[in-house]
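Structure at a glance
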Amino acid sequence: MSTAMNFSNKSFTPRPPDKGAFPLDHFGECSAFKERFMECLRQSGYESAACRQSAMAYLECRMDRQLMANEPLEKLGFKDLINEKSEEKPKKS
């Protein structure tokens, strides 16, 4: 008697994640940034759009400490926040 589920016909080929693997923050180098982000999420009712500044700071910390590959922040979806930062800086005369 054969079973209804025959898995031999389908093959699964595992593939690595798109961005690759990255080390965990074992030494807590960016835990303060992570905690600020998590606190922001709690205060905003888990509305991640309200916490984009904190998320950007956390990712910058991870990149600065080689806990993830360096990526332009524009590519990570923070282009509008970078433009705001540059507009806030006073121009040198």
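Just above sits the structure.
Note that the structure is a prediction, hence the values are computed from the model and not measured. (Residues numbered from 1 in each chain as written. Predicted model: local features only at pLDDT ≥ 70, side-chain atom pairs only at ≥ 80, totals over all residues. Heavy atoms only, no water.)

**Observations regarding the pattern of salt bridges**
Selection rule: By convention in these notes, a salt bridge is any Lys or Arg side-chain nitrogen within 4 Å of a carboxyl oxygen on Asp or Glu. Elements are defined by DSSP. Helices are runs of H or I of four residues or more, strands are runs of E of two residues or more, and each kind is numbered from the N terminus. Partly exposed residues are those whose accessible area sits between 20% and 50% of the maximum for their type, while under 20% is buried and over 50% is exposed, using a 1.4 Å probe and protein chains only.
Evaluated as defined, the whole model comprises four salt bridges. Arginine 52 is the salt-bridge partner of aspartate 80, the closest N and O atoms lying 2.9 Å from each other. Residue aspartate 80 is found in helix α3 (residues 79-88), and its partner arginine 52 is found in helix α2 (residues 52-64); the two are separated by 28 residues along the sequence. In this structure aspartate 80 comes out as partly exposed when scored by relative accessible area, which is 37%. As a salt-bridge pair, lysine 75 and glutamate 71 come within 3.7 Å of each other at their nearest N and O atoms.

**A look at α2**
An α-helical turn contains 3.6 residues, so any two residues separated by three or four positions project in the same direction. Quick note on the threshold: Multiplying 1.5 Å by the residue count of a helix minus one yields the expected span of that helix.
Taking 1.5 Å per residue, 13 residues should reach 18 Å; α2 reaches 18 Å between its end C-alpha atoms and fits that length. Burial in α2 covers these residues: Ser54, Ala55, Met56, Cys61, Arg62 and Met63. After α2 finishes, the residue glutamine 66 shows a positive phi value of roughly 55°.

**Re the state of the cysteines**
Convention followed: Here, a disulfide means two cysteine sulfur atoms that sit within 2.5 Å of each other.
Applying the stated criterion to the full structure yields two disulfides. For cysteine 30, the disulfide goes to cysteine 61, at an S-S distance of 2.0 Å. Here the S-S torsion is close to -90°, and the disulfide linking cysteine 30 with cysteine 61 is therefore left-handed. Of this pair, cysteine 30 sits in the segment before α1 (31-43) while cysteine 61 sits in helix α2, placing them 31 residues apart in sequence. There is a disulfide in this structure between cysteine 40 and cysteine 51, and the S-S distance comes to 2.1 Å. Where cysteine 40 bonds to cysteine 51 through sulfur, the torsion about that S-S bond is close to -95°, and the disulfide is left-handed. Of this pair, cysteine 40 sits in helix α1 while cysteine 51 sits in the loop between α1 and α2, and the two are 11 residues apart along the sequence. Exposure class is identical for cysteine 40 and cysteine 51. Each is buried. In the protein chain, the bonded cysteines, numbered by position in the sequence, are linked as 1-4, 2-3.

**Some points on the packing of α1 against α2**
How two helices pack is summed up by the angle between their axes together with the distance between the axes. Put simply, the rule is: Axis definition: a line fitted to C-alpha atoms, limited for helices to the stretch in contact. Angles are taken between N-to-C directions and run from 0 to 180 degrees. Here the angle decides the label: under 35 degrees means roughly parallel, over 145 means roughly antiparallel, 65 to 115 means roughly perpendicular, and every other value means oblique. Note on convention: near helix rotated counterclockwise from far helix by under a right angle means a left-handed crossing. Clockwise means right-handed. We call two residues in contact when some of their heavy atoms are within 4.5 Å.
Two elements in contact, α1 and α2, have axes separated by 9 Å at closest approach and are oriented at 160°. Between α1 and α2, the angle is such that the two are roughly antiparallel. You can see that α1 and α2 cross each other, and the crossing is left-handed. Contacts between α1 and α2 pair Phe33, Lys34, Arg36, Phe37 and Cys40 from the former with Ser54, Ala55, Ala57, Tyr58 and Cys61 from the latter.

These values are about where atoms sit, not about what they do.
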